[in-house]
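Architecture at a glance
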Amino acid sequence: MFDRRLVQNFDWSLLSLALILGFFGLVTLYSSVTAGAQVPQMEYYKQLVWYFVGLIFLVISFLFNYKTFDRWGHIIYILCISLLVGVLIFGEGSKGAMRWLKFGFFSIQPSELVKIAVIIILARYYSKHANTTGLTLRELINPFLLIIIPFVLIVKQPDLGTAIMIVLIAGSMTVFVKIERRSFLYLIVSGVISIPLVWFFLREYQKARILTFLDPDRDPLGTGYHIIQSKIAIGSGMISGKGFLKGTQNALSFLPEQHTDFIFSVLAEEWGLIGSVIMLIFFLILIIKGLNVAYRCREPFGTILSVGITAMIFWQVFINIGMVMGLMPVVGVTLPFISYGGSSLITVMICIGLLINVSMRRFMVE
Amino acid sequence: MHSCYWPSPEEEYKRETLSKYLHSTDSDWYKRRLTGVVFLVLTAFLVLIARVFYLQVIEGNELRRLSENNCIRLQNIDPSRGLIFDRNGKLLVDNRPSFDLNIILKDAKPVEHTIETLSQYIDVPATELMSKISRNKGISSYTPILLKQDIGRDALAAIEVHKYNLPGIVVSVKPRRHYIYKQSAAHLIGYLGEISSDELKSGKYSAYRAGDYIGKFGVEKTYEGLLRGKRGGRQVEVNATGRVVRVLKTVESFPGHNVYLSIDYLLQKKAEELLEGLAGAIIAMEPATGQILAMASSPAFDQNAFVDGMSHEQWDSLVSNPFRPMENKAVNAEYPPASVYKIVTAIACLEEGIIDANTSFYCPGHYKCGNRVFRCWEKRGHNKVNVVKALAESCDVFFYQVGQKLGVDRLAWYARACGLGSATGIDLDHEAKGLIPTAAWKRARTGIGWQLGETLSVAIGQGYNLTTPLQMMTLISGIANGGIRYKPLILRKVETAEGEIVNENNSKVTGRLPVSQRTLEIVRKGLWETVNKRKGTAWIAHVDDVDISGKTGTAQLVSRTGSNDNASIDKANKLNHLKPHAWFVAYAPSKEPQIAVVVIVEHGEHGSSAAAPLARELITTYLLKDKKG
């Protein structure tokens, strides 16, 4: 039975934002594959296909009631975890990391999909256990286990960026539903105490790796050099940018992963301050809209789900852009909509679909 | 009830659930939290925008300038590879500077003119240089393209003088491997080669890049990790013509460790001289430690040719050479052990109690087994033979008979316990395992049961048996040192470039020969008589100054059994490639041996005439030098 209110409540602005940001991504990627000798032209057409596939997924994600995801949350979770285990067994990858599962002519990166699974399963758990005084330590054991399993599996691949994302998303959701004050203090104090203890037990090379991670300047031939090149690319865009297809840093292939993690440098070099700020504002609007969906939903699962999705988009934007501007350690986190990669694009499209879903069904809560 | 139900009923009672809370319209509990979140998000975006502003507006001009010519570049600092010395500290392998010519296209404007000028100084046609450039199409124009490696000092001087007419031409200095003594210990030391794309993809060489040289053979390969060192690099700022104006950051490279081999260069050289013009191998080892003193394989090859690059013809002639110069015959080649194997047969029958020191057989020059006649190499026969005489005069008939009593499987057990049929574990690649046949092995291999006649062949080291010279070395040095099998060592010690000892290679016992002291003494007496009795097969190796013991072997490549075999051998001897291989294994002095030697000469015909004199020369060189020293 079709309800007219579904159409009345449909959030066209969320859909438009997805389309616009996706378009930004295609334009930047086009520049990156045209000018840069390193990235084959094929990648652009592949991404074009992924863009439309993503839109289909977006539509599917809002067609049926999001409560279905509440009901099937554990199944989705188990499915995604088995995909992660599959990666460790049959996975394919490059540079020593196994991240992909091959299905015939395309391959997927299950660690991207796991982010959605974690958001859904946590929303499902918290919507049943959250209360006004906050969650106690005992109530946090289950969420902890739900997070630690995908976390360990993803670290094993290894894909540190996605693993950190999972922790940040889950952490944001947990803090949002509130932790009971005393439990919160315990967590903080034990965290502060354990850091030096863990440090003490680390081996010399592990310490060196962490220090380099925190301070790229310690690795002037690797990460440190990439960050310098990225900063030069961004800064050389100045106010108006060098113009479409005119970026030189990109063209010379000095940026590592210029079409995935470092795509923002390409954009900032060619479109300058104006382009960068416009894109940042679009992301900001998207995030505020996501929080607004949570605000207007009058039912805990939908609220917490929307918060989780918005947290994911926020952290990826903040960490990715912060990283290429030298504000943050370099971890492999993609920029939603913009970075090359099918799994990443489809994941964020599904997320937008879910937001639209929660938004258009807000009247259904009794 | 839901499975995730955690709080106890009492707790639950005291609380309002969030759902209830959310449904009460007058509450905006979560709304207040969301307001806080919005505030945090705004702050974060403010930080990002401030940073973009800082980079693009405040630092914009400076960063634009740096981007114009891509001023910040990385330069490699290649580590210098560890040196290789002999046991006495004599330098065998070092590095020399190689001046390589590169062009950076972006700086070399106009490219054609620069190339034409350049070709005058380095004797390479401009078209060839241009083709090298076009082969690198697609790579960034700031990446140096290699034009010519290892230009001579004259060309270097010319280019330095005219460098202002040669924009974009960069000379880089790279250490290049230099094998000081051409062809010496070539198989043991090995050589370097450019890393292949398969090796890069294998994941085992993560710290390596295309164009790097790695050990491909011998010690250079086995000790790659020790010799390699660690790459460093520089972040530099260059000006518009590509010259470095400022070094921003440097990561020092670490030189590789220096490696001291156990070989003695003078003895090695002597062994190589003795093998000159022959195909074969010589190994010398300290029986008491397992340290290899010399390991020569002939013919050898020039290692420098691998590093400096060789033509297709040179390479083809190396691989198609019928004497297989690329093979380390001491370790990688398998030969029938021939009469040297009689040592094993003697040990087995003494240990099994089939005979004792005095048991004698009569040798009429042949032995009839079933309806086949097996001949002794001595047609006239040896008359009455006990085990000592059988070893010394290498009587086949004696060993046919004890072999028949032993059976092939018991004999195989002893052979394996002596270290034959399995790798010795030396630190060199592709060590051959050899072959010790058993009845079960043959059935599995051919589907045919074991024949008694085959046991007789095996007992004198013919038939299916195969051994490497290095396995023979563990056998003979075990006899020499009282029954201990050591892992053959080629590494003596490893030092850092500053001379700090990283590790010293200590002897490693891998097993014991299956012999009692009494058996050992009997066998040693046989080996002593081989050299020191006029009728011994190695009387030729006898010298006055040094007391040598040993055993000869003549590995037939055409079966000696059968009816009209003598004719076929005679025919075979006329064809060089069917002539038997000549073995000699020895140690000296007979009491408290200091050196054990294995010699194999391919198609050398007789162990006594072709191999034993070489061992004698090597032993006297080593022991008499010691006396002088």
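See the structure printed just above.
First, a word on what this report is: a plain description of the structure on this page. This one's a predicted model, so the numbers in the text were calculated from it and none came from an experiment. (Residues numbered from 1 in each chain as written. Chains lettered and ligands numbered in written order. Predicted model: local features only at pLDDT ≥ 70, side-chain atom pairs only at ≥ 80, totals over all residues. Heavy atoms only, no water.)

**Section: the interface of chain A and chain B**
In this complex, chain A contributes 70 residues to the contact, which on the side of chain B involves 55 residues. Buried surface at the junction of chain A and chain B, summed over both partners, amounts to about 5500 Å²; 70% is from carbon and sulfur atoms. Of all residues in chain A, the largest losses of buried area upon contact with chain B belong to A:Leu221, A:Met238 and A:Tyr295, amounting jointly to 11% of the total for that side. Taken together, chain A and chain B are joined by 11 residue pairs in polar contact (both at pLDDT 80 or more). (Contact = heavy atoms within 4.5 Å. Buried area = accessible area lost by both parts, 1.4 Å probe. Polar contact = N/O pair within 3.5 Å; in protein donor to acceptor, adjacent residues only side chain to side chain.)

**A word on the environment of B:Leu227**
Residue and element names in this part refer to chain B. Take Leu227: it is sitting in helix H11 (residues 224–227). According to the relative accessible area criterion, Leu227 is buried, its value standing at 0%. With 29 residues separating them along the chain, Leu227 and Gly256 place their C-alpha atoms 4.5 Å apart. When near neighbours in sequence (up to four residues on either side) are disregarded, Leu227 contacts Ser80, Arg81, Gly82, Leu83, Ile84, Arg177, Val219, Glu220, Gly256, His257 and Val259. (Helix = DSSP H or I, 4+ residues; strand = E, 2+ residues; numbered from the N terminus. Buried < 20%, exposed > 50% of the residue type's maximum accessible area, 1.4 Å probe, protein only.)

**Quick notes on the pattern of salt bridges**
Considering all chains together, one arrives at 35 salt bridges over all chains under this definition. Note that A:Asp11 is salt-bridged to A:Lys289, the shortest N-O span being 3.8 Å. Linking A:Asp11 in the loop between helix H1 (4–8) and helix H2 (12–35) with A:Lys289 in helix H12 (residues 263–296), this pair joins segments that are 278 residues apart in sequence. Residue B:Asp427 is joined to B:Lys487 by a salt bridge in which the shortest nitrogen-to-oxygen separation is 3.2 Å. Residue B:Asp427 is located in the loop between helix H18 (408–417) and helix H19 (439–446), and its partner B:Lys487 is located in the loop between strand E17 (484–486) and strand E18 (491–495); the two are separated by 60 residues in the primary sequence. B:Lys487 carries the same exposure label as B:Asp427, and that label is buried. Bridged by salt links that share partners, the residues B:Asp78, B:Lys174, B:Asp212, B:Arg228 and B:Arg231 form one connected network. (Salt bridge = Lys/Arg side-chain N within 4 Å of Asp/Glu carboxyl O.)

**Looking at the sheet that holds strand E11 (residues 280–285) of chain B**
Residues and elements named next belong to chain B. One open sheet accounts for five strands, arranged E12-E11-E23-E22-E21; its pairing is antiparallel. Single-partner strands in this sheet number two, and they are strand E12 (292–298) and strand E21 (549–555). Averaged over all adjacent pairs, the angle separating strand axes in this sheet is 5 degrees, with direction ignored. As defined by bridge partners, strand E22 (residues 581–588) adjoins strand E23 (residues 595–601) across seven bridges and the pair is classed as antiparallel. (Pairing = 2+ DSSP bridges. Axes fitted to C-alpha atoms, helices over the stretch in contact; angles between N-to-C directions.)

**Things to note about the packing of aromatic side chains**
Enumeration over the complete set of coordinates arrives at 33 aromatic pairs over all chains. For the ring pair B:Phe306 and B:Trp315, a centre distance of 6.2 Å and an interplane angle of 90 degrees mean the geometry is edge-to-face. Overall, B:Phe306 belongs to the buried group, its relative accessible area being 14%. Assessed through its relative accessible area of 36%, B:Trp315 is described here as partly exposed. Here the aromatic rings of B:Trp441 and B:Tyr464 are separated by 5.1 Å at their centres, their planes lie at 65 degrees, and the arrangement is edge-to-face. Here the residue B:Trp441 occupies a position in helix H19, and B:Tyr464 occupies one in the loop between helix H20 (452–459) and helix H21 (469–481), the gap between them amounting to 23 residues. For B:Trp441, a relative accessible area of 21% corresponds to the partly exposed category. Its relative accessible area of 29% is what places B:Tyr464 among the partly exposed residues. Put simply, the rings of A:Tyr30, A:Tyr44, A:Tyr45, A:Phe244 and A:Trp271 touch in pairs and so form one group of aromatic residues. (Phe/Tyr/Trp six-rings, centres within 6.5 Å; stacked < 30°, edge-to-face > 60°.)

**Here we look at the pairing of strand E15 (residues 372–375) of chain B**
Relative to E15(B), strand E14 (residues 366–369) of chain B runs antiparallel, the two sharing four bridges. If you follow B:His366 over to E15(B), its bridge partner there is B:Arg375.

**Regarding the state of the cysteines**
The tally for this structure, following the rule as stated, stands at zero disulfides over all chains. Here B:Cys369 stays free of any disulfide, with the sulfur of B:Cys363 as its closest cysteine sulfur at 15 Å. (Disulfide = S-S within 2.5 Å.)

**Notes on the packing of helix H7 (residues 160–177) of chain A against helix H13 (residues 300–324) of chain A**
All names here are of chain A. Viewed as axis vectors pointing N to C, H7 and H13 meet at an angle of 135 degrees, and their least axial separation amounts to 9 Å. Classed by the angle they form, the pair H7 and H13 counts as oblique. Crossing geometry of H7 relative to H13 is assigned as right-handed. On H13, the residues touching Met165, Leu168, Ile169, Ser172, Met173, Phe176 and Val177 of H7 are Thr303, Ile304, Val307, Gly308, Ala311, Met312, Trp315, Gln316 and Ile319. (Parallel < 35°, antiparallel > 145°, perpendicular 65-115°, else oblique. Left-handed = near helix turned anticlockwise from the far one by under 90°.)

**Let's talk about the packing of helix H10 (residues 223–236) of chain A against helix H4 (residues 60–68) of chain B**
To characterise two packed helices, one gives the angle between the axes of the helices and the distance between these axes. Where H10(A) meets H4(B), the closest approach of the two axes is 7 Å, and the angle between their N-to-C directions is 115 degrees. Once H10(A) is placed against H4(B), the crossing between them reads as left-handed. Counting all contacts with H10(A), which are made through A:Lys231, A:Ile232, A:Gly235 and A:Ser236, the residues of H4(B) involved are B:Gly60, B:Leu63, B:Arg64, B:Leu66 and B:Ser67.

**Let's talk about the nonpolar core**
A:Phe264, A:Met279 and A:Phe337 are the most contacted members of the largest nonpolar core, which has 118 residues in total. When neighbours within four sequence positions are excluded, A:Phe337 is seen to be in contact with A:Ala18, A:Leu21, A:Gly22, A:Gly25, A:Phe283, A:Leu286, A:Leu345, A:Val348, A:Met349 and A:Ile352. Of all hydrophobic cores here, the second largest spans 100 residues; its members include B:Leu261, B:Cys363, B:Cys395 and B:Cys418. (Core = buried A, V, L, I, M, F, W, Y, C linked by side-chain atoms within 4.5 Å.)

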